[in-house]
Each structure stands twice: as C-alpha cells, then as structure tokens.
Amino acid sequence: MDIENRPKLKIPKTKMEWLADGIGYLSLLSMFAILIMQWGALPEEIPAHFGANGEVDRWGSKWELLILPGIAIGLNIFLMIFEKFPQVHNYPERLNESNVVAFYTNSRQAMNYMKNIINLLFTYLVYNTISIALSGTDKLGWPFYCILGLLFVVLGWKIVKSMKIK
C-alpha cells in the first residue's frame, strides 16, 4: 500500500498513551516550574555541556539553560504532530487493510512514548544542570543514562512488535 492510498483512520489512544502523555506533560510543566523557582538563585555561570562520561566539559551563561526547554518544546511539538498522522510513517511493504490498524497503533505509540521519554530526559537535564550549578558537583548522574536507556528499550520493543505484525 503506497503512501497516497493509505487510509486516514481515527484510532483512539490507549490508556498507556494517555498515561504517558500525562507523565510527559507534567514533566514539561515541572521543568518550567524548576526554572522559574531557581532562576534567581543561579550563578551567572552554569554547566553548558556534558561529555560522554557525564562530567561538565563546558561552562556558560545561565541564559544558555533556556536552550534546553526550547529544544524540548520543539521536539514535543514535532513528535506530537507526527504522532497524529500515522499514515505518513514508514511501514514495510506488507502493510495492508488487514493489518493497518496494528501498524498505525504501534507506530503512533512509538512516537508517543518517545515524545514523553524525551520530555523526562530534558526535564532531568534542566534539573541536574541547576543542581550542579548550585552545589558545585560536576557529574550528570546515573538517572540520565537510565532515561536514555529507556528510550532505546522502547524503540527496540516497538521495532520488534512491528516485525511481528502479520
């Protein structure tokens, strides 16, 4: 089924998608609340970049911290729009009328879960950057790697699930 002939279906979100959205949007709100509450206490120079080992490798202006919520909101909007149009996602040639709902649902869920895990990831980055700036420590911390790992676990799970759709 080529992309022009794919049906545009209204498939209701699952309870897990609604739960993921709740967690993701609560996370975004928390990010802004943390920023607003801690802005005045931040020093002029804060961690601006972390190396692969999780240590701060560049310090910059506290205004650079606003880049993270900007990227998070941009990614959230992009993935939210992409999530709403599963008919434009990439599917294998075996997509047909009998399995289209399963493919659309699985692909939409992948977008939903990715969007919300990314919201958590950016919220943690903002929180941890502020914590480092205020405490003087210089490590990103294991939760970052756990959240990032969760993103890849979910992607792998959804790819395997897609491969099992007949």
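Calculation rules
Residues numbered from 1 in each chain as written. Predicted model: local features only at pLDDT ≥ 70, side-chain atom pairs only at ≥ 80, totals over all residues. Heavy atoms only, no water. Helix = DSSP H or I, 4+ residues; strand = E, 2+ residues; numbered from the N terminus. Contact = heavy atoms within 4.5 Å. Areas by Shrake-Rupley, 256 points an atom, 1.4 Å probe, with all protein chains shown as cover. Lys, Arg positive; Asp, Glu negative; His and termini not counted. Charge placed at Lys NZ, Arg CZ, Asp CG, Glu CD. Expected span 1.5 Å × (residues − 1). Buried < 20%, exposed > 50% of the residue type's maximum accessible area, 1.4 Å probe, protein only. Core = buried A, V, L, I, M, F, W, Y, C linked by side-chain atoms within 4.5 Å. Pairing = 2+ DSSP bridges. Patch = residues over 30% accessible without salt bridge, like charges linked within 9 Å, V, L, I, M, F, W, Y side chains within 5 Å. Salt bridge = Lys/Arg side-chain N within 4 Å of Asp/Glu carboxyl O. Axes fitted to C-alpha atoms, helices over the stretch in contact; angles between N-to-C directions. Parallel < 35°, antiparallel > 145°, perpendicular 65-115°, else oblique. Left-handed = near helix turned anticlockwise from the far one by under 90°.

S.K.: Would you take a moment to explain the overall build of the protein for this structure?
M.R.: In terms of helices and strands, the protein carries four helices and two strands. Going from the N terminus to the C terminus, the protein shows its helices and strands as α-β-β-α-α-α. Here the contacts in the protein between residues at least 6 apart in sequence split such that 73% fall between residues at least 24 apart. Counting every atom, the protein has about 9600 Å² of accessible surface; 70% of that belongs to carbon and sulfur. Side-chain charges of the protein comprise 16 positive and 13 negative groups, with the mean position of each set lying 12 Å from the other.

S.K.: Quick question: what am I supposed to make of helix α3 (residues 100-135) here?
M.R.: A turn of α-helix holds 3.6 residues, and therefore any two residues three or four places apart point the same way. Taking 1.5 Å of rise per residue, the 36 residues of α3 would be expected to cover 52 Å, and the 52 Å separating its terminal C-alpha atoms lies within 8% of that figure. Here α3 lies mainly inside the structure; 29 of its 36 residues are buried.

S.K.: Can you walk me through the nonpolar core in this structure?
M.R.: Within soluble globular proteins, side chains that are nonpolar generally end up buried alongside one another. In this structure, L42, L65 and I130 are the most contacted members of the largest nonpolar core, which totals 32 residues. Those elements giving two or more residues to this core turn out to be α1 (15-38), β1 (45-50), α2 (67-84), α3 and α4 (142-164). The element that contributes the greatest number of residues to this core is α3, accounting for 13 residues. Apart from residues no more than four positions distant in its own chain, L65 is found in contact with L35, L42, I46, V126, T129 and I130. Y91, L95, V100 and Y104 belong to the second largest nonpolar core, which has six residues in total.

S.K.: What exactly am I supposed to notice about the pairing of β1 here?
M.R.: Two faces, one strand: in a regular strand the side chains alternate between the faces of the sheet. Pairing analysis gives five bridges linking β1 to strand β2 (residues 56-61), with the strands arranged antiparallel. Bridge pairing in β2 links I46 to G60. Hairpin connection of β1 to β2: five residues between the antiparallel strands, including G54 at a positive phi of 85°.

S.K.: Could you clarify how one ought to interpret a nonpolar patch on the surface in this entry?
M.R.: Taken together, the side chains of I3, F32, I36, I73, I77, I81, F85 and V88 make up a nonpolar region of the molecular surface, amounting to roughly 710 Å² of accessible area. At the level of elements, α1 and α2 are the ones that each hand at least two residues to the nonpolar patch. Looking at the nonpolar patch element by element, the count peaks at three residues for α2. Position of I3 relative to the elements: it lies in the segment before α1.

S.K.: Would you mind showing me how to read the packing of α1 against α3 here?
M.R.: Between α1 and α3, the least distance of the axes is 9 Å, while the angle of their chain directions is 20°. As far as their axial angle goes, α3 and α1 are roughly parallel. The crossing of α1 and α3 is left-handed.

S.K.: Would you explain the side chain of N112 in this entry?
M.R.: For N112, the position within the fold is in helix α3. Judged by its relative accessible area of 0%, N112 is buried. Residues within four places of N112 in sequence aside, it is in contact with K13, E17, A20, D21 and E83.

S.K.: Would you take a moment to explain the pattern of salt bridges for this structure?
M.R.: Between side chains of opposite charge, a pair can form as their charged atoms come close. The tally for this structure, following the rule as stated, stands at eight salt bridges. It is possible to trace a salt-bridge network through shared partners that takes in K13, D21, E83 and K115.

S.K.: Explain the environment of Q109 here, please?
M.R.: Mapped onto the fold, Q109 is located in helix α3. On a C-alpha basis, the gap between Q109 and E17 in space is 6.6 Å, while along the polypeptide they are 92 residues apart. With sequence-adjacent residues up to four places away left out, Q109 is seen in contact with T14, E17, K158 and K161.

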